[in-house]
Amino acid sequence: MLVLFETAAGYAVFKVLDEKKLQEVDSLWREFETPEKANKIVKLKHFEKFQDTTEALAASTALVEGKLSKNLKKILKKIVAKDAHEQLAIADAKLGGVIKDKLNLSCIHSPMVTELMRGIRSQIEGLITGLPSREMAAMCLGLAHSLSRYKLKFSPDKVDTMIVQAISLLDDLDKELNNYIMRCREWYGWHFPELGKIVTDNLTYCKCVRKVGDRKNFSTSDLLEVLPEEIEEDVKAAAEISMGTEVSEEDINNILHLCDQVIEISEYRTQLYDYLKNRMMAIAPNLTVMVGELVGARLIAHAGSLLNLAKHPASTVQILGAEKALFRALKTKRDTPKFGLIYHASLVGQTTAKNKGKISRMLAAKTALTIRYDALGEDSSAEMGAENRLKVETRLRHLEEKGIRRISGTGKALARADKYQHRSEVKIYDPSGDSTLPAVPKKRKIEEETEVTVKAKKIKVEIKEEADVEEGEPVKKKKKKKEKKQRAEEEAVSAEEPSTSTAVESTEKKKKKKKIKVEQED
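Here we summarise the structure given alongside this text.

Rules of the game
Residues numbered from 1 in each chain as written. Predicted model: local features only at pLDDT ≥ 70, side-chain atom pairs only at ≥ 80, totals over all residues. Heavy atoms only, no water. Patch = residues over 30% accessible without salt bridge, like charges linked within 9 Å, V, L, I, M, F, W, Y side chains within 5 Å. Areas by Shrake-Rupley, 256 points an atom, 1.4 Å probe, with all protein chains shown as cover. Salt bridge = Lys/Arg side-chain N within 4 Å of Asp/Glu carboxyl O. Lys, Arg positive; Asp, Glu negative; His and termini not counted. Charge placed at Lys NZ, Arg CZ, Asp CG, Glu CD. Helix = DSSP H or I, 4+ residues; strand = E, 2+ residues; numbered from the N terminus. Buried < 20%, exposed > 50% of the residue type's maximum accessible area, 1.4 Å probe, protein only. Arc of directions from axis to C-beta. Polar contact = N/O pair within 3.5 Å; in protein donor to acceptor, adjacent residues only side chain to side chain. Core = buried A, V, L, I, M, F, W, Y, C linked by side-chain atoms within 4.5 Å. Contact = heavy atoms within 4.5 Å. Pairing = 2+ DSSP bridges. Axes fitted to C-alpha atoms, helices over the stretch in contact; angles between N-to-C directions. Parallel < 35°, antiparallel > 145°, perpendicular 65-115°, else oblique. Left-handed = near helix turned anticlockwise from the far one by under 90°. Nonpolar A, V, L, I, M, F, W, Y, C, P; charged D, E, K, R; others polar.

Quick notes on a positive patch on the surface
Turning to step 1, where the next piece is worked out: On the surface, a cluster of positive charge is contributed by Lys 338, Lys 354, Lys 358, Arg 361, Arg 395 and Lys 402.
Turning to step 2, where the next piece is worked out: For the positive patch, the secondary-structure elements that each account for two or more residues are helix 19 (356–376) and helix 20 (383–408).
Turning to step 3, where the next piece is worked out: Looking at the element boundaries, Lys 402 is found in helix 20.

Notes on helix 4 (residues 93–103)
Turning to step 1, where the next piece is worked out: Inspection of helix 4 places Leu 95, Gly 96, Ile 99 and Leu 103 among the buried residues, and these make up the whole buried set. Take helix 4 and look down its axis: the buried residues cluster within an arc of 100°, on one side only. In helix 4, those exposed residues whose orientation departs by more than 90 degrees from the buried face are Lys 94 and Asp 101.
Turning to step 2, where the next piece is worked out: The residue sitting at the N-terminus of helix 4 and contributing the capping side-chain oxygen is Asp 92; that oxygen lies 3.3 Å from the backbone nitrogen of Lys 94.

With respect to the nonpolar core
Turning to step 1, where the next piece is worked out: With 61 residues, the main nonpolar core has Tyr 188, Leu 195 and Phe 218 as its most contacted residues.
Turning to step 2, where the next piece is worked out: If you tally residues by element for this core, the top one is helix 12 (residues 249–283), at 12 residues.
Turning to step 3, where the next piece is worked out: Sequence-distant contacts of Phe 218, that is, excluding residues within four places in its chain, are made with Tyr 188, Phe 192, Leu 195, Cys 208, Val 212, Leu 223, Val 235, Lys 236 and Ala 239.

Some thoughts on the sheet that holds strand 3 (residues 42–49)
Turning to step 1, where the next piece is worked out: On the basis of which strands lie adjacent, the open sheet formed by 5 strands has the order 3-2-1-4-5 and mixed pairing. Strands with a single pairing partner mark the edges of an open sheet, and in this sheet they are strand 3 and strand 5 (107–108).
Turning to step 2, where the next piece is worked out: Inspection of the sheet shows strand 1 (residues 2–6) paired to strand 2 (residues 10–16) by 5 bridges, in the antiparallel sense. The residue of strand 2 that forms the bridge with Leu 2 is Lys 15.
Turning to step 3, where the next piece is worked out: The sheet contacts of helix 5 (residues 111–122) involve strand 1, strand 2, strand 3, strand 4 (88–89) and strand 5, and relative to strand 1 the element is tilted by about 55°.

Examining the pairing of strand 1
In the case of a regular strand, side chains alternate between the two sheet surfaces.
Turning to step 1, where the next piece is worked out: Of all the 5 residues making up strand 1, 4 are buried; the element is thus mostly covered by neighbouring parts of the structure.
Turning to step 2, where the next piece is worked out: As consecutive antiparallel partners, strand 1 and strand 2 are separated by 3 residues.
Turning to step 3, where the next piece is worked out: In this sheet, strand 4 lies alongside strand 1 in parallel orientation, the contact comprising 2 bridges. Across the sheet, Leu 2 pairs through a bridge with Leu 88, a residue of strand 4.

Considerations on a nonpolar patch on the surface
Turning to step 1, where the next piece is worked out: On the surface, a cluster of nonpolar side chains totalling about 230 Å² of accessible area is made up of Val 159, Met 162 and Tyr 275.
Turning to step 2, where the next piece is worked out: The residue Met 162 is located in helix 8 (residues 161–189) in this model.
Turning to step 3, where the next piece is worked out: The class of Met 162 is partly exposed, set by a relative accessible area of 40%.

Description of unusual backbone geometry
Turning to step 1, where the next piece is worked out: Positive phi values are uncommon outside glycine, yet Lys 333 reaches one of about 60°.
Turning to step 2, where the next piece is worked out: Residue placement: Lys 333 occurs in the loop between helix 17 (323–332) and helix 18 (346–349).
Turning to step 3, where the next piece is worked out: Classification of Lys 333 as exposed rests on a relative accessible area of 78%.

A closer look at the environment of Leu 309
Turning to step 1, where the next piece is worked out: Mapped onto the elements, Leu 309 comes out in helix 15 (residues 306–310).
Turning to step 2, where the next piece is worked out: Taking the C-alpha atoms as reference points, Leu 309 and Arg 372, 63 residues apart in sequence, are found 8.2 Å from one another.
Turning to step 3, where the next piece is worked out: Among all residues touching Leu 309, those that are not within four sequence positions of it are Leu 287, Leu 299, Ile 300, Ala 303, Leu 320 and Ile 371.

Overview of the packing of helix 10 (residues 202–212) against helix 12
Turning to step 1, where the next piece is worked out: Orientation of helix 10 relative to helix 12, taken along the N-to-C sense of each, is 140°, at an axis distance of 9 Å. In terms of orientation, helix 10 lies oblique with respect to helix 12. For the crossing formed where helix 10 meets helix 12, the hand is left-handed. Of the residues in helix 12, those touching helix 10 at Leu 203, Cys 206, Lys 207, Val 209 and Arg 210 are Ile 255, Leu 256, Cys 259, Asp 260, Val 262, Ile 263 and Ser 266.
Turning to step 2, where the next piece is worked out: Grouping the constituent residues of the contact of helix 10 with helix 12 by class yields 8 nonpolar, 1 polar and 3 charged.

Comments concerning a negative patch on the surface
Turning to step 1, where the next piece is worked out: A cluster of acidic residues, Glu 229, Glu 230, Glu 233 and Asp 234, forms a negative patch on the protein surface.
Turning to step 2, where the next piece is worked out: With respect to the secondary-structure elements, Glu 233 resides in helix 11 (residues 229–240).
Turning to step 3, where the next piece is worked out: The exposure class of Glu 233 is exposed, given its relative accessible area of 51%.

A few points about the packing of helix 8 against helix 14 (residues 293–303)
Turning to step 1, where the next piece is worked out: Close contact between helix 8 and helix 14 brings their axes to 9 Å; oriented N to C, the two are set at 115°. Here helix 14 runs roughly perpendicular to helix 8, going by the angle between their axes. For the element pair helix 8 and helix 14, the recorded crossing hand is left-handed. Along its contact with helix 8, which presents Ile 163, Val 164, Ile 167, Leu 170 and Asp 171, the element helix 14 presents Leu 294, Ala 297, Arg 298, Ile 300 and Ala 301.
Turning to step 2, where the next piece is worked out: Here the residues of the contact of helix 8 with helix 14 sort into 8 nonpolar, no polar and 2 charged.

Some points on the side chain of Glu 293
Turning to step 1, where the next piece is worked out: Take Glu 293: it is sitting in helix 14.
Turning to step 2, where the next piece is worked out: At 4.8 Å, Lys 277 is the nearest oppositely charged side chain to Glu 293, a buried residue that forms no salt bridge.
Turning to step 3, where the next piece is worked out: For Glu 293, the side chain forms a polar contact with the side chain of Tyr 273, separated by 2.5 Å.
Turning to step 4, where the next piece is worked out: Non-local contacts of Glu 293, meaning those with residues more than four positions away in its chain, are made with Tyr 273, Lys 277, Met 280 and Thr 288.

In short, geometric facts, not functional conclusions.
Quick look at the structure:
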């Protein structure tokens, strides 16, 4: 039996000396405890050394992908073909199938072969002569670095530094354009203030000013290339009756130069946006499909790179850009923010205020998956991003419809008919509903008032009797004499003045009150 063993330094073909010992798989490792024991089991037949790291990388990538490299094909034809009747032990079953198809060699792959490969790897320095251990370690390190670069596939198209610079420049251009346009409107507004109200678009305003210049030229100039026909008529009519001041030619020239700058920057911004869009689709297609090229580029710029962004969890992606609000909320023990840069995504923007938090959380979770797929995956298609976006849209539609159903009462739970239950209720006629009179009649009120007064009189009488019992009979006689005198005086006054005045009545009332007070005191 022959054994094909791949190392970082080259290909090695071993001849198995004692095949009987290979049958005991569990105890095979004991035969490779020392280099002397290993040399009794296998013997080096041929070793093909790699010339440089590039050749080693090509051979390793071919083995990883299960392909047969040209160098390995030559070795197998030269050495193994001589012993075609013997089996060839292979570590990779896929590679064994390719060798069998192309070279018609019988290949074997089993647990016994795996244990044999492990034993050879443990004693590789003793089995392969003429290869220093330091050189072997250097070859292993160089091949590991080269293979890692190949797997990550670093290419100029995948450099995300361009995205970071492009989105930063785009934001700076927007700020500068806003300042320039406001300055242009304010400057030319002294000469023709009515134009700013008629033409609302900033770029159209600058083009119109650049083409005409002085407002006196509006009546003779043709503005159909810049403005619609209706707006052109309004501008010409406003130019004839304008309230603006007159300016010199030098002022007009400076304003026209500023308009040139605005038009050039606007054109360059459009070109830069197209460049950013294409670059985003090349580097992060799934992220672009999920949140758009602008939001995706801002997320990458905020994290520093696409690989750094892929390391962030979904919760961090959700509030990325709102760090200041987050730490302020944690410090003051208030509610933390629900979204950061992801708020500007179209899916969050089209939801209601009630569902923005739920959608932003779900969108951040799906966006984190797409970022990792773009950063670490080998496929460059945008199918995964489209599928995840469809899921978020379905969830959004479900949330919106759920709210509508609850309001209209046509939800699934409300649509189900309740089970019929026969309920026999015996109702008794209530005659109190027939009466239109008030609940408490007037007679009852009068009776209650009379009862209250009678009770008060009884209480007074009882108090008088108790006082009489205490003071004795002489007190009674004095009171009777006083009462007789008062009655006599009242009769005399009534006889003299039959028409009583209001003053007399008031005196009588006062006397009665005094009498009641005296009785109560007694």
